[in-house]
Each structure stands twice: as structure tokens, then as C-alpha cells.
Amino acid sequence: MKQIVASLPFEWPSRANVLSTIETLVVGTAGGLVFLLAGLPGGLISGSMIAVGIAAIAGRQLMLPPILTQTVLVLLGTSLGSVVSRHLIQQVSAYPVTIGLLALATFCSTFGSSYYLQRVHGWDRTSAFLAGSPGALSQITILAVERGADLPGIAVVQTMRVIILTAALPMVLAIAGVVPSAAPSLTTTIASPLDLVALAAASLALALFLRLIKFPASWMFGAMIASSVLHGAGWVEGGLPGWVRGVALVGIGALIGSRFARMRIKTLAGHINAALGSFAVAIAVSAIFVGIVALTTQVKFSDVVVAFAPGAMDAMLALALTLHIDPIFVGAHHLSRFVFVTIATPGIVHLFGRTQDDVDD
């Protein structure tokens, strides 16, 4: 046991990293509070993301360490699971149809965005396909390195898509009257101290187990599944305190915004048109499928919009939390999208991208 503990790599964070983390949290909290006080929908996550993003573009080296990121994701998952009820679980039977349509939407969006990047901006096929794939950024990055693709361009296109969706989606839904401008509180009661301990223990245990078996988004989904089971079965009543949910939302927003800290302004400016254009194509394709689902099923329109939005899982689930949208529906669909992209993208790149000989040359 001592040998195992001794072999685990651990280093105390440097003073610079500590100061960067504190600055990121301060900037994110300030931005989230400004948006919240202004009554903007999704204020905490959107405000935090925009404030940190602006500071990062301005040259501040903002970041969140892995341990803090994992804590935020577990809190987010636990909060999402706390709104689960037997009524929501009963609606799972409608998922196969919508997940099938989501798979088709994902393929159409990928090919549409990649075609645009090739024809309008002159991107090579491999880079265009990888940039057009919605989600699974870590897998996309690995493929980009292996295939010699335009990694900076792909990063800008993928990041801008998440940033725009996270900032704009709450306002669009509120303006359309689909969700209230000020989202209602998700839980009316705070769990008892004993229930909070049970929630924390179960959420962390399942998150660690899913991490061990390399399940995607393990920290968030592990906590969400554990919390969902406890609440859906009626074993736990109430959820986390409101301020804890607020911390999770600010943390997710800061995490997304801090992605700009790794980008140079020249790189961002050089690919901004490609990012906006491919985003428009992806949204247009997704909108078609959202319309089909909304007209042919009984699923709430706001649930479909967030579930089919081509954004990152953590960001979209955070929006589900703050906009009072069914987390099971959104989570199931974004997890399915992640699986689709992870399985299909290597094959698509192999069939339609540059040959490996071209890359090696």
C-alpha cells in the first residue's frame, strides 16, 4: 500500500498557478454575478464564461487545476441528479427515436460543416472533418495530432462553437418564450445533513468507478447517475444548497472561458470567419432536426434544443441545470453524441480525409 501511495505523482502547485487560479475564480465570479443581477438567463455560467474569456484573450494566463475542475464537475452532476423524479424516468421510452435522429443530425452537421470549410476557406479534408465534428474535443485533438491536421484551426472552431452556444442559447430560448428569463429554482428544499453525506459519498464513489473504467465525462456523469438513482428512488429528498449549485455553474463557465488562455490573438483572428461560418452551418442542420423532433414527438421544445445543440456535454448540461430543463433527456443525448463522434470520426477521417501517406510526407 505504501508503495502505491508513494508512486502516485503529486506536486504542490506553484505560486504562479495558485495566483492564476484565484484570478480565474475572481473574474468568473464577478462576471457571473453581473449577469445574474442583470437578470440575464443562464447568467452565472454565461457571465463567468464571457468574463474569463475576455480576460484570457487580453493576455491573462487564467486556468483551473484538474482537482478543482473535477470537483466542479462532481457538484454539477450531483445537482443535475437532484431534479430527477419518477415522472422524468418514465419518459425514457421516447429516447430511441430522438437519439436515432440525433445520430443522423450529427453526421449531417459534420459533413455540412466540413464541406463549408473545404469549399469556402480551403481547408484540407482531414482538418475540416475534425473541426466539423461536434464534441469529443480530446479525441478530436488526438486524431488531429496523429493525422497532421491544422490543430490551431480545429481548436478555434471547436471552442468558438461552445462559447457561442453557451452564451447565446439561454437568451434565444428566453426571447422565444420557451423558458423563463429568470429560471426557477430547481429544488425547493436542501437535503438533510445525513442525505448530503450520502449524496456526496455515492456521487464521488460512482464518479471514481466510471473514471476507472474510462467512461466518458466520468466525473459529471458518475455523480449525476448516483444522484439520479437516490432521488428517483425516493431515498434522498432535496438537493445541494443553492450557493453550491452557483459555484458549480460559475466554475463551468470559467473552465470554458479559460480555453482562450491557450490561444494567441493572431490564431483566433485568423480562423474566426471559418469558426463562425461552420457554426452557422451546424446550427442550420441541427435546427432542421430540432423541428422534426418538435413536430413529431411530445418532448418539450426547450429540451430538444439543448439536447441537439452541437456543444460540449458539460456546458450543455450546465445550461440544463440553470434553465430548468430535463437533465436525463439532455444527458442521454449528449452522451450518445459523444459515443457517435468517438466511434465514427476515426472511420470518417480514414475514408474521406487525407491518406496516411500524404500525412507522412
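Here the structure is shown first, and the text comes after it.
Definitions and limits used
Residues numbered from 1 in each chain as written. Predicted model: local features only at pLDDT ≥ 70, side-chain atom pairs only at ≥ 80, totals over all residues. Heavy atoms only, no water. Helix = DSSP H or I, 4+ residues; strand = E, 2+ residues; numbered from the N terminus. Buried < 20%, exposed > 50% of the residue type's maximum accessible area, 1.4 Å probe, protein only. Contact = heavy atoms within 4.5 Å. Areas by Shrake-Rupley, 256 points an atom, 1.4 Å probe, with all protein chains shown as cover. Axes fitted to C-alpha atoms, helices over the stretch in contact; angles between N-to-C directions. Parallel < 35°, antiparallel > 145°, perpendicular 65-115°, else oblique. Nonpolar A, V, L, I, M, F, W, Y, C, P; charged D, E, K, R; others polar. Expected span 1.5 Å × (residues − 1). Left-handed = near helix turned anticlockwise from the far one by under 90°. Polar contact = N/O pair within 3.5 Å; in protein donor to acceptor, adjacent residues only side chain to side chain.

1. Focus on the overall build of the protein chain
At step 1: A count of helical and extended segments in the protein chain gives 17 helices and zero strands.
At step 2: By residue count, 52% of the 361 residues in the protein chain fall in the buried class.
At step 3: In the protein chain, once contacts between residues fewer than 6 apart in sequence are set aside, the share between residues at least 24 apart is 79%.
At step 4: Surface accessibility of the protein chain: about 16,900 Å² in total, with carbon and sulfur atoms responsible for 69%.

2. With respect to the packing of helix 9 (residues 151-175) against helix 15 (residues 313-322)
At step 1: Viewed as axis vectors pointing N to C, helix 9 and helix 15 meet at an angle of 10 degrees, and their least axial separation amounts to 10 Å. In terms of orientation, helix 9 and helix 15 fall into the roughly parallel class. Of the residues in helix 15, those in contact with Val 162, Leu 165, Thr 166, Leu 169 and Pro 170 of helix 9 are Ala 315, Met 316 and Leu 319.
At step 2: Residue classes in the contact of helix 9 with helix 15 are distributed as seven nonpolar, one polar and no charged.

3. Details of helix 6 (residues 95-121)
At step 1: Here helix 6 is 27 residues long and its end C-alpha atoms lie 37 Å apart, about the 39 Å a rise of 1.5 Å per residue gives.
At step 2: Once helix 6 finishes, Gly 122 follows within two positions and takes phi at roughly 70 degrees, a positive value.

4. Here we look at the packing of helix 4 (residues 66-81) against helix 12 (residues 242-257)
At step 1: Viewed as axis vectors pointing N to C, helix 4 and helix 12 meet at an angle of 130 degrees, and their least axial separation amounts to 9 Å. The orientation of helix 4 with respect to helix 12, classified from their angle, is oblique. Like other packed secondary-structure pairs, helix 4 and helix 12 cross with a definite hand, here left-handed. Contacts between helix 4 and helix 12 pair Thr 69, Val 72, Leu 73, Leu 75, Leu 76 and Ser 79 from the former with Val 244, Arg 245, Ala 248, Gly 251, Ile 252 and Leu 255 from the latter.
At step 2: For the contact of helix 4 with helix 12, the residue count by class is eight nonpolar, three polar and one charged.

5. Describing the side chain of Thr 159
At step 1: In this structure, Thr 159 sits in helix 9.
At step 2: Polar side-chain contacts of Thr 159 include one of 2.8 Å to the backbone oxygen of Ala 155.
At step 3: Not counting residues within four places of it along the chain, the set of residues in contact with Thr 159 comprises Arg 259, Phe 260 and Met 263.

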